[in-house]
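Each chain is listed here by its residues.
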Amino acid sequence: MPPFAPAAHAAAASLTGGEPPSPSRGSPEHLLLDAARRAARTPEGRLALVLHLDRLAPPAPQPHHRRIARALLLEAAQRHDGQLFPLRNGDLVLLCRRTLPPLTPGADDPAALPATLARLFGADTPDPAAVVSLWPLGEQADELLGYAVDRLSATAAPFAREAPPFEPIPTRAPGSSLPSEGTLPPQGTLPPQGTLPPPPEALTHLPDLSGLIQRRTAAQIAGASAARARRLRPIFREIAFSLAALEARFASSADPADPSLLRHFARRLDGEMLAMMEAALPGHGPLGMAGCPPSLALHLNLGLETILGQRFEHFAFLCRTIAVPLGIEVPLVEAVAEPGAFARARAFLERSGFRTILGGISYHALLFARPQALGADLLKLEWSARLPGLPAPERQALAAAIAAVGPDRLVLTRADTEAALLWGLGQGIRRFLGRYVESMLGAGRILACPSADVCTLSQCTERAAAATAPGRRFCRNLALLDAGAPEPASP
Amino acid sequence: MSGPPKVSAEELDAAALSTLARDCRLAGVERQVLLVRLSLVTADSYRPHHGRLAEGALEPLSRADRSRLYRLPGHDLALAWRGNAPGREQEALAALSVLFADAGPPLPRLADLVRRFILPRDAERLAACLSAPPAAPRAAPRRPPLDLALLSRIERALASADMSRFARRRPVCRRGASGRFRLAWEKRFLSVVEVGESLAPEHDITADPWLFRRLTRTLDRRMLALLSAPRELAGAAPFAINLNVESILSPAFLAFDSALPAALCGHVTLDLLPSDILSDAAAFAFARNFALSRGYRLSVRGVTAALLPTLPLGPLGLDLLLLRYEPALASLPPAALDAVSPERERIVLTRVDQPAILEWAEAQGLVLFQGRAALPHP
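Scoring rules and cut-offs
- Residues numbered from 1 in each chain as written.
- Chains lettered and ligands numbered in written order.
- Predicted model: local features only at pLDDT ≥ 70, side-chain atom pairs only at ≥ 80, totals over all residues.
- Heavy atoms only, no water.
- Helix = DSSP H or I, 4+ residues; strand = E, 2+ residues; numbered from the N terminus.
- Buried < 20%, exposed > 50% of the residue type's maximum accessible area, 1.4 Å probe, protein only.
- Contact = heavy atoms within 4.5 Å.
- Areas by Shrake-Rupley, 256 points an atom, 1.4 Å probe, with all protein chains shown as cover.
- Salt bridge = Lys/Arg side-chain N within 4 Å of Asp/Glu carboxyl O.
- Phe/Tyr/Trp six-rings, centres within 6.5 Å; stacked < 30°, edge-to-face > 60°.
- Lys NZ or Arg CZ within 6 Å of the ring centre and 35° of its normal.
- Core = buried A, V, L, I, M, F, W, Y, C linked by side-chain atoms within 4.5 Å.
- Polar contact = N/O pair within 3.5 Å; in protein donor to acceptor, adjacent residues only side chain to side chain.
- Pairing = 2+ DSSP bridges.
- Axes fitted to C-alpha atoms, helices over the stretch in contact; angles between N-to-C directions.
- Right-handed = clockwise from strand over helix to strand, strands pointing away.
- Expected span 1.5 Å × (residues − 1).

What follows is about the overall build of chain B. If you tally the helices and strands in chain B, you get 16 helices and 12 strands. Each of the 378 residues in chain B was classed as buried or not, and the buried ones make up 50%. Counted over contacts in chain B with a minimum sequence separation of 6, partners at least 24 positions apart contribute 67%.

Structure, rendered in structure tokens:
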């Protein structure tokens, strides 16, 4: 059997042996409606399964979600005399025969697919059951017809969204253990996994790297809740190359989805970062620390090789000399890849009086692993919009994981919304990094600044985040801007 | 808890060979020994593949009676055997004579490179040779890391390369009731070292961790294509392969899954790296759930003593943990293994190259091993 073509009509035709549809009615939605009408006439022993991939919250569904789900459903279609309809909104619809009791040992039942799919998408949606509908056609043929009509109407609408096309995937004939040779990728013809971008040397020779730098200010909230927050205190300023900015810089020519290459680029830029910071650190510019309160730390994100190198020793000496409290962030993935080097780097930072921060920790990572065992001073947990809606078992497991780390060792990053702040406070977290707390800091500055009559809150927030002088040239109170927040009033 | 001696495997082999020389002298037992002194080769001329070629050259003699290979400090090798095996000896010497055909001068003479001892007559000479100050550690020439241009060339070359020449197998064994080791499953992998030496001999392909990560994804796809070839897995034993999370979700894996013989369903283990698991934990969870639903077993590999407390098996939802032996393990409290998994069947100790390591591991209740000291009985 040849590989299935990506188009829905080809898949349906090859599964049923029927004639290809006419081009005018060849859309997958038309095909589904025709099939639903036929199935409604002889519904006995058949079922419909809809995988609502469009109900997954971004960044899902990703290509691998579609690829794997399609492979599973295609296999069920082959085994149970079925058809698969990949619709243009990303949904997948399977029509097939039911396996009627008594089930023979080892026989699989397509009615069990929802449970499999729910397990599969368990990490990507708080309610995995909601992404699957199963309709036995004897009783619920109308459900399928209604769904098919809705989909056809939706795709007939202007600006209807189209799902990305599927790549062909190999199949095997039902019952066979080995595919025919024609289904295999022959030696030497594997497609490349993505075009490699230009060498990073080109990047480091760009006239201005400052556009790749982000300047963020983290804050600590004193008080039991957001409503009762007594004080917002800037605790560290983070200067880092933005992976997103790097990705955007190479979007036209590179493989933007390859995080390995982006990390390679970021590490190649470590030297540039140290050079820039050495020059800027003693001054009053956007990357300088001269105007900052002594309690405001500087956080940089560096690779282990850089931290253990000679250049960083010079930088560390400079920070000690001008009394800048320094914290170095190492991504969790790099620490785990080289635990020995991470331990040496952490020991060096500790001897130098600096802090070690583990970054890039998703809530999944906190559920799966115990990053606190690596011994960093602070851990940066990434906010996800899924966090407030986690199912109870995950919610409890995460609460236990946070308690094991100690909420006072956590910084909630990407805290760009009030929901993030409230969730973090609910977990006992007091340190935040993100646009929401930056806005709160900005509001404090606006209230205290005598020159703020011509400034808006968003202008003040943007200027505070600017990593270049032009980005803040209209600010008339740079001292307050760099301090992050006004000095607290004396009691 | 008694830990294994904190000496290198090479030093232990050297001690064992010295003991053999002494025992032969005291008891008048006859043995033949061939010593290959790779430590005499300069750093500029030596490459890691010379060590493997030298082992290969000694392979004919390894079939002689009572033969044993000793890996000594400084990359030296010795092979001891009983009785006369002139044909095999000539075959080995012929292979050794061309060992450095690809290297430039200065090279030691063959007579210096290969020394021959007949025990018990030469026992003292051998002992003196072994007790001589160890060769100065060979400063491994630091090769430059990959760059993007070279990586691109390697990826293009791999697309059409015959990968079977890089394919290797390594047994994972458990000790049976008879005390002998029997095969639990095979590890199938592509030799990264040989890929590097073949396609980028002047570079260290592992030196840049992120470009190497990208390269491993290409190797995953080639490995999966290799295993998907018709009849490749017909009659195969249960096996494990290294994969990246992204590779499990790739079309190449779906092709492999389709080609997998029914007899192997449930008997294939996918070994993942901790850093790969944590780099995109959501993708990992999806891949894990998919692979488990298809009957694969999953493991986390390359776990060291430093990482052990970070990776408990239960929350990861994996079947196995591949724990790399290193002396630091011996200093961990016994509860450290319990924290990973109270079920010792779920921990595989790798790099079990010495009996002392095996002894320590069995004292910890471990039952699955990979390494030279735990090879299956033929």
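The rest of the description comes next.
Let us look at the overall build of chain A. Scanning chain A for helices and strands turns up 19 helices and 12 strands. Out of the 491 residues in chain A, the part that is buried amounts to 51%. In chain A, the proportion of contacts linking residues at least 24 apart, taken out of those at least 6 apart, comes to 67%. For chain A, the computed accessible surface area is about 21,800 Å², with 56% contributed by carbon and sulfur atoms.

Attention shifts here to the pattern of salt bridges. Residues and elements named next belong to chain A. Going through the model one piece at a time under the given rule, you end up with 35 salt bridges over all chains. Its salt-bridge partner being Arg88, residue Glu29 comes within 3.2 Å of it at the nearest N-O pair. Note that Glu29 is positioned in helix 2 (residues 28-41) and Arg88 in the loop between strand 2 (83-86) and strand 3 (92-97), a separation of 59 residues in sequence. A relative accessible area of 0% means that Glu29 is categorised as buried.

As a further point, take the packing of aromatic side chains. Under the definition given, this model contains 13 aromatic pairs over all chains. Here the aromatic rings of B:Phe253 and B:Phe256 are separated by 5.6 Å at their centres, their planes lie at 50°, and the arrangement is tilted. Placement of both B:Phe253 and B:Phe256 in helix 11 (residues 251-259) is noted, with a separation of three residues, approximately one turn of the helix. One exposure class covers both B:Phe253 and B:Phe256, and it is buried. Put simply, the rings of B:Phe239, B:Phe253, B:Phe256, B:Phe290 and B:Tyr296 pair up and form one aromatic cluster. The ring of B:Trp210 carries A:Arg263 above its face, with NZ or CZ at 5.5 Å from the centroid. Directly above the aromatic system of B:Trp185 lies the positively charged group of B:Arg297, at a separation of 4.6 Å from the ring centroid.

In this structure, A:Leu300, A:Phe312, B:Phe256 and B:Leu349 are the most contacted members of the largest nonpolar core, which totals 181 residues. Not counting residues within four places of it along the chain, the set of residues in contact with B:Phe256 comprises B:Leu224, B:Leu227, B:Ser228, B:Leu233, B:Phe239, B:Ile241, B:Val268 and B:Tyr296.

Tallying the contact residues gives 62 residues for chain A and 62 residues for chain B. For the interface between chain A and chain B, the tally reads one salt bridge. Run the count over chain A and chain B and you get six residue pairs in polar contact (both at pLDDT 80 or more). Sorting the residues of the side of chain A that touches chain B by element identifies helix 3 (63-79), helix 4 (113-120), helix 8 (259-268), helix 12 (332-337) and helix 14 (363-368) of chain A as the ones contributing at least two each.

As for its placement among the helices and strands, A:Gly211 is situated in the loop between helix 6 (200-204) and strand 5 (213-222). As a C-alpha pair, A:Gly211 and A:Ser242 span 31 residues in sequence and 9.1 Å in three-dimensional space.

Let us look at the pairing of strand 8 (residues 326-331) of chain A. Residues and elements named next belong to chain A. The element strand 8 is largely enclosed, with a buried count of six among its six residues. Here strand 8 runs beside strand 9 (residues 355-361); their pairing, made up of five bridges, is parallel. Bridge assignment links Val330 to a residue of strand 9, and that residue is Leu358.

All names here are of chain B. Taking strand neighbours across the sheet as the criterion, the four strands line up as 2-3-1-4 in an open arrangement whose pairing is antiparallel. The sheet is open, and its two edges are formed by strand 2 (68-71) and strand 4 (114-119), each paired on a single side. Strand-to-strand twist of the sheet, defined as the mean angle between neighbouring strand axes without regard to direction, takes the value 15°. Relative to strand 2, helix 1 (residues 9-27) is tilted by about 130°, and along the sheet it contacts strand 1 (31-36), strand 2, strand 3 (77-81) and strand 4. Those strands touched by helix 6 (residues 123-131) are strand 1 and strand 4, and its axis lies near 135° from that of strand 4.

Next up on the list: the pairing of strand 11 (residues 347-350) of chain B. All names here are of chain B. By the alternation rule, side chains of strand 11 split into Ile347 and Leu349 and Val348 and Thr350, which are all buried. As defined by bridge partners, strand 10 (residues 320-324) adjoins strand 11 across four bridges and the pair is classed as parallel. Following the sheet pairing, Leu323 is matched in strand 11 by Leu349. Note on the crossover from strand 10 through helix 15 (residues 335-340) to strand 11: the handedness is right-handed. Sheet analysis places strand 11 next to strand 12 (residues 368-370), joined by three bridges and oriented parallel. Bridge pairing in strand 12 links Leu349 to Phe369.

Residues and elements named next belong to chain B. Relative to the helices and strands, Arg82 is located in the loop between strand 3 and helix 4 (86-97). On the basis of relative accessibility, which here comes to 37%, the residue Arg82 falls in the partly exposed class. Discounting residues that sit within four places of it in the chain, Arg82 has contacts with Glu30, Arg31, Asp65 and Arg66. Side-chain polar atoms of Arg82 contact the side chain of Asp65, separated by 2.8 Å.

Here we take up unusual backbone geometry. The peptide bond linking B:Leu119 to B:Pro120 adopts the cis configuration, its omega dihedral lying at 10°. Phi at A:Arg414 takes a positive value of approximately 60°, unusual for a residue other than glycine. Within the fold, A:Arg414 resides in the loop between strand 11 (410-413) and helix 16 (418-426). Positive phi, normally seen in glycine, also occurs at B:Arg231, with a value near 70°. Within the fold, B:Arg231 resides in the loop between helix 9 (209-228) and strand 7 (239-242).

This part is about helix 13 (residues 281-293) of chain B. All names here are of chain B. With 13 residues, helix 13 should cover 18 Å at 1.5 Å per step; its first-to-last C-alpha distance of 18 Å lies within 8% of that length. The element helix 13 is extensively covered by neighbouring structure, given that 11 of its 13 residues are classed as buried. Listed in full, the buried residues belonging to helix 13 are Ala281, Ala282, Ala283, Phe284, Ala285, Phe286, Ala287, Arg288, Asn289, Phe290 and Ala291. Looking one or two residues past helix 13, Gly295 carries a phi angle of roughly 90°, positive in sign.

The subject of this paragraph is the environment of A:Arg476. All names here are of chain A. For Arg476, the location among the structural elements is in the loop between helix 18 (457-465) and helix 19 (478-483). The residues contacting Arg476, other than those within four sequence positions of it, are Ser451, Asp453 and Val454. Engagement of the side chain of Arg476 in a polar contact is seen with the backbone oxygen of Ser451, the distance being 3.4 Å.

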